[in-house]
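These are the residues of each chain, in order.
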Amino acid sequence: MDSHTITITPTTNEAIIKFESNHFLVKNESYEFKNIDDAKPSPLAQQLFYLPFVKTVYITQNFIAIERYDIIEWSDVQEEVKEQIENYLNSDAPLLNIESTQKKVPVTVYAEATPNPSVMKFVANKKLVVNSTEFKSIADTADNTLARQLYNFPFVKEIYADENYVSIQKHDIASWDEVTFEIRSFIKEAIENGAEIGSSKHEAGTVKKEGENIELPKFENLDDVSKKVVEILDEYIKPAVASDGGNIVFDSYDENTKEVKVILQGACSGCPSSTMTLKSGIETMLRDMLPGKVDRVMAING
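Residues numbered from 1 in each chain as written. Predicted model: local features only at pLDDT ≥ 70, side-chain atom pairs only at ≥ 80, totals over all residues. Heavy atoms only, no water.

### Focus: the packing of aromatic side chains
Tallied over the entire structure, the rule returns seven aromatic pairs. Taken together, the ring pairs connect F19, F53 and W74 into an aromatic cluster. Across from the ring centre of F63, 4.3 Å away, lies the NZ or CZ of K18, which sits over that ring. Across from the ring centre of Y165, 4.5 Å away, lies the NZ or CZ of K121, which sits over that ring. (Phe/Tyr/Trp six-rings, centres within 6.5 Å; stacked < 30°, edge-to-face > 60°. Lys NZ or Arg CZ within 6 Å of the ring centre and 35° of its normal.)

Shown next, in the form of structure tokens:
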């Protein structure tokens, strides 16, 4: 089993912070515990109530949220709480002592066209993945996953999943008019029956082309200009391309040539308008926001 890594995320309520895991903790359920007796179904929640500042514990999807009393500030204790949660989740102890029952969950899925005519975006009313993942071929998928099942359709070429949607790129043998309803119904039924998208066999979840994994650089190891590029992409570019069913990932920056290399995913990969987007949009923005530092943006898989 892959280990849990916890990230601390503030909320709009200063008394509540979220401890987000890189994996789902519970599916289709949410739990709220007000005190240690209330928390009997969760040994971890009971442990947390031994901390005198814990007022309420929430467990849902991929995070545990904790509301504190005003006797302390989160900045004083959050790292210790994070470590406690992370250690518990990576032990063999159960998160919940509730017998899970497989039940059908009402799901809505709708199809949404993207700027890439080969890609259709299928959006659900629930979170599907914790981390964005792409599958360049059936070889990237794991057994008994929705991603593997989707490749049973001969026209499915590539799959990209993020948050609450799946972007599917098709081969030219079929038109979306012919297959959209079938794919939408298939995804809806699979999610209702508890199917998971699954993670890519590539550890980073990012591939340049079929069978070729990309080792993405870690943010803390980047130079100052590269960090600025990543921040600009995350704040200004990614939300826009995500709405179109795609993603853009920073690959590298060359100080000598002033060239930024990126990886396109989902609807952005192979999109006829991606070159124009890179040049007229992303490249122009980086030039303006980092004058003298960036001259050109290239997609290494474009």
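### Observations regarding the sheet that holds strand 7 (residues 119-124)
Ordered by their spatial adjacency, five strands build an open sheet running 6-7-10-9-8, and the pairing between neighbours is antiparallel. Among the strands making up the open sheet, the edge pair consists of strand 6 (109-113) and strand 8 (133-135). For this sheet, the mean angle separating the axes of adjacent strands, direction not counted, is 20°. As judged from the three bridges shared by strand 8 and strand 9 (residues 156-162), these two strands associate in the antiparallel manner. Looking at the pairing, F135 lines up with I159 of strand 9. Where helix 4 (residues 176-192) meets the sheet, it contacts strand 6, strand 7 and strand 10 (165-170), and its direction lies at approximately 30° from that of strand 7. (Pairing = 2+ DSSP bridges. Helix = DSSP H or I, 4+ residues; strand = E, 2+ residues; numbered from the N terminus. Axes fitted to C-alpha atoms, helices over the stretch in contact; angles between N-to-C directions. Contact = heavy atoms within 4.5 Å.)

### Observations concerning the environment of L95
By the element assignment, L95 lies in the loop between helix 2 (74-89) and strand 6. Note on L95: relative accessible area 14%, which makes it buried. In sequence terms L95 and S42 are 53 residues apart; their C-alpha atoms lie 5.8 Å from each other. Once residues within four sequence positions are removed from consideration, L95 is found in contact with L25, V26, P41, S42, P43, L44, I59, Y88 and L89. (Buried < 20%, exposed > 50% of the residue type's maximum accessible area, 1.4 Å probe, protein only.)

### With respect to a negative patch on the surface
Residues D76, E79, E80 and E83 make up a contiguous surface patch of negative charge. Within the secondary structure, E79 sits in helix 2. Residue E79 is classed as partly exposed on the basis of its relative accessible area of 47%. (Patch = residues over 30% accessible without salt bridge, like charges linked within 9 Å, V, L, I, M, F, W, Y side chains within 5 Å. Areas by Shrake-Rupley, 256 points an atom, 1.4 Å probe, with all protein chains shown as cover. Salt bridge = Lys/Arg side-chain N within 4 Å of Asp/Glu carboxyl O. Lys, Arg positive; Asp, Glu negative; His and termini not counted. Charge placed at Lys NZ, Arg CZ, Asp CG, Glu CD.)

### Points about the sheet that holds strand 5 (residues 63-68)
The five strands are arranged 1-2-5-4-3 in an open sheet whose pairing can be described as antiparallel. Two strands bound the open sheet, and with one partner strand each, they are strand 1 (6-10) and strand 3 (30-33). Sheet twist, expressed as the average angle between the axes of neighbouring strands with direction ignored, equals 20°. One ladder, built from five bridges, connects strand 2 (residues 16-21) with strand 5; its direction is antiparallel. From the neighbouring strand, K18 faces strand 5, where its bridge partner is A65. Strands strand 1, strand 2 and strand 5 of the sheet are contacted by helix 2, whose axis makes an angle of about 30° with strand 2.

### A word on empty space enclosed by the protein
Applying the stated criterion to the full structure yields one cavity of 30 Å³ or more. As for the largest cavity, its lining consists of V119, E134, K136, E158, I159, Y160, S167, I168, Q169 and G266. Looking at the lining of the largest cavity, the elements that each hand over two or more residues are strand 9 and strand 10. Each residue belonging to the lining of the largest cavity can be placed in one class, and the counts come to four nonpolar, three polar and three charged. (1 Å grid on protein atoms, 1.4 Å probe; cavity = no way out; pocket = protein on both sides within 12 Å on 5 of 7 lines; lining within 4 Å. Points joined across faces, edges and corners; volume = space filled by probe spheres on them. Nonpolar A, V, L, I, M, F, W, Y, C, P; charged D, E, K, R; others polar.)

### Points about the confidence of the model for the protein chain
When the pLDDT values of the protein chain are averaged, the result is 85; 87% of them are 70 or greater. In this model residues 207-212 is a low-confidence stretch, pLDDT under 50, and it forms 16 contacts with partners more than four residues away in sequence or in other chains. (pLDDT = per-residue confidence, 0-100.)

### Some remarks on unusual backbone geometry
A positive phi angle, near 45°, is found at Q61, a position not held by glycine. Examined against the element boundaries, Q61 turns out to sit in the loop between strand 4 (54-60) and strand 5.

### Some details on the pattern of salt bridges
Applying the stated criterion across every chain, the model contains 13 salt bridges. Between R68 and E73 there is a salt bridge, and its shortest N-O distance comes to 3.6 Å. Take E73: its relative accessible area is 45%, and that puts it in the partly exposed class. Across the pair K188 and E192 runs a salt bridge, and its minimum N-O distance is 2.7 Å. With K188 and E192 both in helix 4 and four residues apart, the pair spans about one turn of that helix. The class for K188 is partly exposed, based on a relative accessible area of 27%. Counted as one network, the salt bridges with shared partners bring together R68, D70 and E73.

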